[in-house]
Amino acid sequence: MKEIDNYFLQKEEPVRSCLAALRYLILHQHSHVREVWTYKMPFYYFKKENGTEKRICYLWINKKTNEPYIGIVDGKDVIHPDLVAEKRSRMKIMPIDPKKDLPVEKIKEILRQAMNLE
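Note that the structure is a prediction, hence the values are computed from the model and not measured. In this convention, every chain numbers its residues from 1, walking through the sequence in written order. Only residues with pLDDT of at least 70 are given local features in this predicted model, and only at 80 or more are side-chain atom pairs given and counted; all residues enter the totals for whole chains, interfaces and linings. With hydrogens and water stripped out, all remaining heavy atoms of the structure feed into the side-chain values.

Draft legend 1. Layout of the sheet that holds strand β2 (residues 41–47). Ordered by their spatial adjacency, 5 strands build an open sheet running β1-β2-β3-β4-β5, and the pairing between neighbours is antiparallel. Strands at the two margins of the open sheet, each flanked by one partner only, are β1 (33–38) and β5 (92–95). Neighbour to neighbour, the strand axes of the sheet diverge by 25 degrees on average, direction disregarded. Only strands joined by at least two bridges in the DSSP assignment are considered to pair. Only DSSP runs of H or I reaching four residues or more are called helices, and only runs of E reaching two or more are called strands; each is numbered from the N terminus. Judged from the 4 bridges that link them, strand β4 (residues 68–72) and β5 form a sheet pairing that is antiparallel. Within the sheet, the bridge partner assigned to Gly-71 lies in β5 and is Ile-93. Note on method: axes are straight lines fitted to C-alpha atoms, helices fitted across the in-contact stretch only, with angles between N-to-C directions ranging 0 to 180 degrees.

Below is the structure:
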């Protein structure tokens, strides 16, 4: 089993299902999105029309709340009320409540901005 798959499988419910849904949503946002295991976490890259790749986001768990979040790599360039910078200068996060339905349209909007598709 790959490390990246193990990362998702080792989580307890409902976090496991939430992360699986986020993973699916991100990977199916665009055909040029790919998943990479780096820094011991799942990162998602987007291949631009000119052939270059950029990191758009990653999935992680807040150690204090044990809730997942989407980390937007260049979050400083993405404007959305659901993104939080906290003490980060470059990245922003979108906390996700694993016990609630995913805000799919909000996530898609944020990902489109992160990929510069808007």
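Draft legend 2. Highlighting the packing of aromatic side chains. Note on ring pairs: Phe, Tyr and Trp rings are taken, using the six-membered ring of Trp, and paired if centres are within 6.5 Å. Classes follow the plane angle, with under 30 degrees stacked, over 60 edge-to-face and the rest tilted. With the rule as written, the count across this model stands at 6 aromatic pairs. Where Tyr-7 meets Phe-8, the ring centres are 5.3 Å apart and the plane angle is 85 degrees; that geometry is what we call edge-to-face. Between Tyr-7 and Trp-60 the ring centres are 6.0 Å apart and the planes differ by 10 degrees, which places this aromatic pair in the stacked class. In this pair, Tyr-7 is assigned in helix α1 (residues 3–9) and Trp-60 in strand β3 (residues 53–61), connecting sequence segments 53 residues apart. Note on exposure labels: buried denotes an accessible area under 20% of the residue type's maximum, exposed denotes more than 50%, and partly exposed covers the range between, all computed with a 1.4 Å probe on protein chains only. Residue classification places Tyr-7 among the buried positions, given a relative accessible area of 5%. Taken together through their ring pairs, the aromatic side chains of Tyr-7, Phe-8, Trp-37 and Trp-60 make up a single cluster. We call a charge positioned above a ring when the Lys NZ or Arg CZ atom is no farther than 6 Å from the ring centre and deviates by at most 35 degrees from the ring normal. Across the ring face of Tyr-45, the terminal group of Arg-34 is positioned such that the distance to the ring centre comes to 5.3 Å.

By themselves these figures say nothing about function.
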